[in-house]
Structures are given as C-alpha cells and as structure tokens.
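Structural features, examined
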Amino acid sequence: MTGSAAGGPPAGAGPTDTDWAAAVAAVRGLPATARVLLICHVNPDGDALGSMLGFGLGLRRLGVRQLQATFPGPPEVPEPFRWLPGSDLLVAQDDAYPDPDLVICFDAASESRLGDLVDRLDKAGTALVLDHHASNTGFGGIHLVDPHAAATSVVALGLLDRLGVALDAEIAACLYVALSTDTGSFRFEATTPAVHELAARLLATGIRPGEISRQIFDTRPFGAVRLFGEVLGRARLEPAAAAGHGLVWTYATRDDLARHDQPAYVLEALIDSVRCTAEADVSCVVKQAGDAEWAVSLRSKGAVDVSRVATVLGGGGHRFAAGFTGRGTVDEVVERIRAELSGALLPA
Ligand code: AMP
Ligand code: MN
Ligand code: MN
C-alpha cells in the first residue's frame, strides 16, 4: 500500500491529494479544547526545530490553545537556534501531554528518531507525520512525506497554505532556518527553482537572511574554534576507500569537548569542514555520545549512497547526507563504514 491516509508506507512520489485532505481535516476538525503535541527528531537540527516551531506558530494563529512542542532527550536547544520564534512552545519531554488529541512529527524518518516520545504515537487520537526522507517508514496514521522536498519545512508550508494560514515574519524565520539548514545555504542539489521561489516568499515577509545565517552558521565560541583545529588536525584521508573514490574521517570525544569546555552541539558543524576535502567523495565525523557509543555523520559528493551505508549500520538519512549510532571503538565504527562503502556505489 502506498501513502494513503489510512497509514502504511509513504509513497515515493510524495503526498497525494487524499493525504493532504486528511491532514487538513485532522487539524480543522480539532475541538477547541484539543491538546496538540508537536515532536521533532532527537538531536534536533535547523529543519527539525524550524519546521516544528514554524508550523506550531501557524497552529497558534489558527486558534489552537493547548499546544506543546518537544523532542526526545535533554531539553536544551542548541545555542544557534535559541532565538527562534515559537520557542515558548517548547517543553521537556517529561512534561509533554501523555495522550494528546493530535500528535505531529517533524523530520523524523522512523520511530527510533522519537526516542522515549514514541509512546505518544499510540496514545494520541491521530498521528500526523511530516517528513522528506525517502526512507520514512510510515509510522503514523496520516503521512505527508515528500522525498523530493528539500526540507521538512517545505511540507510544513504546504500544509499551512492549505490551512489558510497567512505567512508572517515569525513563521517565515523558522521555515527559512529549516530550508537554509537542509540545503546547506542553498548550495546542495536539492536547491531547485521551487526552493528559491519558496525562499523568496519567506524573505518577502521582511526576515533578515544575513543575520539569520550569521547566527545559525557563522557564530561559534572561541573554544569551539580551537576544538575544531584539534579535531580537524587528526583527520585521516584514505584515497583507496570507496573503490578509489576516497574517504576522509575524523572523530571527537567527550574529553575533547570537556577540555575546550564546549557543549556537544558545536560538533554538528564539523562535517562541513571535513567534507571540503577534494581527494575524498565520502566524509565522516564520529562523535562520542556515550562510553562506547558514537553519533556518526556521513556525507557524499555523489559517488556513494551514504544512506545505504547508514541504513545497513542501523541508521538512515538521505543519499548524500546520512547518519547512524555506532557502538564499540572509533576504529571499529570506521572499519564497519569502510566495509560498506564499495557496496553502496551509485552508477557513474
Ligand atoms: P547529521 O549527520 O546528523 O546531520 O544527519 C544527516 C542525516 O542523516 C539527517 O537527515 C538525519 O535524518 C539522518 N540521520 C542522522 N543520524 C541518524 C540516525 N541515528 N538514525 C537515522 N537517521 C539518522
Ligand atoms: Mn533533520
Ligand atoms: Mn530535514
């Protein structure tokens, strides 16, 4: 079964008219007393937070009063996103409605990305899923999953438009953060004419792209600059990996963070420096998450489908940007990646 409103795996082609109609009905049909819970994926990035909070502001404009937004894990929002409009909707996962009337998930490809909040799917009256991962497992009741969308915020705006919510600068700021994060500041292949048209709509509300970009991409504490120097200094280039397309990788431990007095989120930007390496198609950053647990980021320039590598190793993502949780030592984690690369080559 494809992406019908009744559930099941989402269609590769994106939401059907029936899916959109079901999503609109789920929101429009809410009684005035309804409790709505918005959830985005663990370790939220700009798309997760931006699409969730932008949509949340839209629901507020529609008159939804009992509205919460949350994500699994510690409730700290990474510093670059703390200024986002709608942040007052955020609650810690333990304070989130246990049995909301409607739950809406953002940018999560599978239930595993919802951590301990996964129980809300069953307890909610209706579960609506907004996402753009081709690998989305169809874990909700209504799915708006568009693998061709550059960000989940594109889907979120599609639904806000159908609900008749007027775009304002606060909603636009959130959706712009989401769109610019997932397109790498409008540099990746997913940056279609439609993406620029959408960006134009957002900018027309008066938001300041220079200021937003500086906050989310170009600002980090001096300690993080020094930490990056150290971690980049230990990067390894393996030209023969991935059937000669090359692999570059590095790692960062909790000790590294502690030595430079930095929070873990600063490491999210590291992959962008590592993936610059001309001699490697595939880049990888292995970030310590527990004693023997590592959050792995993978990127490809086009020769390798890294979502395949990540999926085999228990994670997921997009063709050219994916991740998974690795266990063991750094060397063991990297060895597992190496072993999967040549099996994930894309046709030239
Ligand atoms: P990141 O490297 O964390 O920026 O993630 C890149 C992409 O991989 C994102 O689109 C995520 O959806 C996906 N991803 C990252 N980590 C995981 C994971 N542990 N499980 C599933 N998907 C992941
Ligand atoms: Mn994301
Ligand atoms: Mn996304």
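Conventions used here
- Residues numbered from 1 in each chain as written.
- Chains lettered and ligands numbered in written order.
- Predicted model: local features only at pLDDT ≥ 70, side-chain atom pairs only at ≥ 80, totals over all residues.
- Heavy atoms only, no water.
- Helix = DSSP H or I, 4+ residues; strand = E, 2+ residues; numbered from the N terminus.
- UniProt positions renumbered as here; feature names shortened; annotations may be inferred.
- Donors = N, O, S within 2.8 Å, 3.2 Å for Na, K, Ca; no water.
- Buried < 20%, exposed > 50% of the residue type's maximum accessible area, 1.4 Å probe, protein only.
- Near = heavy atom within 4 Å.
- Polar contact = N/O pair within 3.5 Å; in protein donor to acceptor, adjacent residues only side chain to side chain.
- Areas by Shrake-Rupley, 256 points an atom, 1.4 Å probe, with all protein chains shown as cover.
- Nonpolar A, V, L, I, M, F, W, Y, C, P; charged D, E, K, R; others polar.
- Phe/Tyr/Trp six-rings, centres within 6.5 Å; stacked < 30°, edge-to-face > 60°.
- Lys NZ or Arg CZ within 6 Å of the ring centre and 35° of its normal.

An unreviewed UniProt entry lists the chain under the name Bifunctional oligoribonuclease/PAP phosphatase NrnA, from Micromonospora fulviviridis.

Glancing now at the environment of alanine 172. Within the fold, alanine 172 resides in helix 5 (residues 169-182). A sequence separation of 117 residues divides alanine 172 from phenylalanine 55, and the C-alpha atoms of the two residues are 9.9 Å apart.

With that settled, consider the UniProt feature "domain: DHHA1" (unreviewed entry) in the chain. When the UniProt feature table is mapped to this numbering, "domain: DHHA1" (unreviewed entry) covers residues 266-341. As annotated, residues 266-341 has a helix share of 32% and a strand share of 36%, and its two end C-alpha atoms lie 27 Å apart.

The subject of this paragraph is the coordination of the manganese ion (ligand 3). Only Asp47 (OD), Asp107 (OD), His132 (NE2) and Asp182 (OD) from the protein coordinate the manganese ion (ligand 3), and they sit 2.1 to 2.3 Å from it. For the manganese ion (ligand 3), the single-chain donor residues occur in sequence as D-x59-D-x24-H-x49-D. Between the two metal centres, the manganese ion (ligand 3) and the manganese ion (ligand 2), the spacing is 3.8 Å, with aspartate 107 acting as a shared donor. A residue pair is termed long-range when its members are at least 10 positions apart, and aspartate 107 in the loop between strand 3 (102-106) and helix 3 (119-123) and histidine 132 in the loop between strand 4 (126-131) and strand 5 (142-145) qualify at 25 residues. Judged by relative accessible area, aspartate 107 falls into the buried class, the value being 2%.

Glancing now at the site of ligand 1. Ligand 1 sits among 13 residues. The nearest are His133, Ser297, Arg299, Gly316 and Ala322. Histidine 133 is positioned with one of its side-chain polar atoms (N or O) 2.9 Å from an oxygen atom of ligand 1. Within the backbone of glycine 323, a nitrogen or oxygen atom sits 3.2 Å from an oxygen atom of ligand 1. For ligand 1, the accessible surface in isolation is 480 Å², of which the surrounding protein chains cover 80%. Going through the elements one at a time, strand 9 (293-300), strand 10 (316-318) and strand 11 (321-327) are the ones with two or more residues in the shell around ligand 1. The leading source of residues in the shell around ligand 1 is strand 11, at five residues. Classifying every residue of the shell around ligand 1 by side-chain character gives three nonpolar, eight polar and two charged.

The subject of this paragraph is the packing of aromatic side chains. By the definition in use, this model includes two aromatic pairs. Where phenylalanine 55 meets phenylalanine 106, the ring centres are 5.8 Å apart and the plane angle is 50°; that geometry is what we call tilted. A residue pair is termed long-range when its members are at least 10 positions apart, and phenylalanine 55 in helix 2 (residues 46-61) and phenylalanine 106 in strand 3 qualify at 51 residues. Accessibility classification places phenylalanine 55 together with phenylalanine 106 in one group, the buried group. A cation over a ring is seen here: arginine 162 above tryptophan 20, with NZ or CZ 3.8 Å from the ring centre. Positioned over the ring face of tyrosine 251 is arginine 234, at 4.5 Å from the centre of the ring.

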